[in-house]
Amino acid sequence: MKPVLSLDMENPLEFIDKYGSFQHVKIGHSVAIYGKSVLEEFQKRNLKVIVDLKFVDIPSTVARSIKAWDHECVEGFTVHSACGIDSIRAALESTDKLIFVVLKLTSLTGDLAEYLDLIKSLRILGCSFVLPGKWAVQLRKQIPGKILVPGVRIKRGADDQKDVVHLSEIMNVADYAVLGREIYKSPDPAKAMDEVRRMLNA
Ligand SMILES: O=C(O)c1cc(=O)[nH]c(=O)n1[C@@H]1O[C@H](COP(=O)(O)O)[C@@H](O)[C@H]1O
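Nothing here was measured: the structure is a model prediction, and the numbers come from that model.

Peer 1: Sorry if this is basic, but what is going on with the UniProt feature "binding site: substrate" (unreviewed entry) in the chain here?
Peer 2: When the UniProt feature table is mapped onto this chain numbering, "binding site: substrate" (unreviewed entry) sits at Lys26, Thr106, Arg153, Gln161, Gly180 and Arg181. Residues that both appear in the annotated list above and line the largest pocket are Lys26, Thr106, Arg153, Gln161, Gly180 and Arg181. Note that Thr106 resides in the loop between strand 5 (98–102) and helix 6 (116–123). Other than its neighbours up to four places away in sequence, Thr106 contacts Pro132, Pro150, Gln161, Lys162 and Asp163. A distance of 2.5 Å separates polar atoms of two side chains, one belonging to Thr106 and the other to Gln161. Relative to the helices and strands, Arg181 is located in helix 8 (residues 181–184). Ignoring anything within four residues of it in the chain, the contact list for Arg181 reads Arg153, Arg156, Asp159, Asp160, Gln161 and Ser186.

Here you go:
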């Protein structure tokens, strides 16, 4: 399982240069505002980037958006399932990087049973998924693609998340574990990342 540092903090590059980073980082709109050239900064630091812009649009626009953001350092993109199967197929055809499909945000309640048909039709396409941790545990054996789990906690409370999971619960389940406030709101972010590395190598 790869830990992913979610670059949701102020001045992410300063943070990385001060405290270090996992090899994988996730960027959202608060980093995208610097423009695509920011990816060169991650490339320089030998980081792998998950571009989390949660694309939701018609197929041609999703494909164009992914092509526009694609870069050597990019490992994958998030797309929201609300854009439908055709757009997700277009996303997969637009790049050889991973396409992580978001089904239900971890800030919302929702029953897995309501999403099973959608998951069945999506996994045939070969996409990867963003899943709440508990869903990842239940679905791991049925999903050939990669699973990225957000809402991961070790010591911290849930904040604005409804679906949280302890890092230890997804060790042999998730391919990617997203850690944001657990790290950057920690009194010692470098130590917090070292503790995660120790847990994962244990
Ligand atoms: O696609 C995402 O990354 C995502 C999907 C989801 O369902 N829930 C979710 O929290 N995320 C993102 O994962 C990160 C979680 O942040 P923390 O709760 O601080 O670890 C944020 O950048 C969210 O935007």
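Peer 1: I keep staring at the sheet that holds strand 6 (residues 128–130) and nothing clicks. Help me out?
Peer 2: Two strands in a sheet stick together by hydrogen bonds in their backbones, pointing the same way (parallel) or opposite ways (antiparallel). Pairing in this closed barrel of eight strands is parallel, and the strands run 1-2-3-4-5-6-7-10 around the ring. Neighbour to neighbour, the strand axes of the sheet diverge by 25° on average, direction disregarded. Sheet analysis places strand 3 (residues 48–55) next to strand 4 (residues 74–80), joined by four bridges and oriented parallel. Note on strand 4: the bridge partner recorded for Val51 is Phe77. Strands strand 3, strand 4 and strand 5 of the sheet are contacted by helix 4 (residues 59–69), whose axis makes an angle of about 155° with strand 3.

Here is what the cut-offs are and how they apply
Residues numbered from 1 in each chain as written. Predicted model: local features only at pLDDT ≥ 70, side-chain atom pairs only at ≥ 80, totals over all residues. Heavy atoms only, no water. UniProt positions renumbered as here; feature names shortened; annotations may be inferred. 1 Å grid on protein atoms, 1.4 Å probe; cavity = no way out; pocket = protein on both sides within 12 Å on 5 of 7 lines; lining within 4 Å. Helix = DSSP H or I, 4+ residues; strand = E, 2+ residues; numbered from the N terminus. Contact = heavy atoms within 4.5 Å. Polar contact = N/O pair within 3.5 Å; in protein donor to acceptor, adjacent residues only side chain to side chain. Pairing = 2+ DSSP bridges. Axes fitted to C-alpha atoms, helices over the stretch in contact; angles between N-to-C directions.

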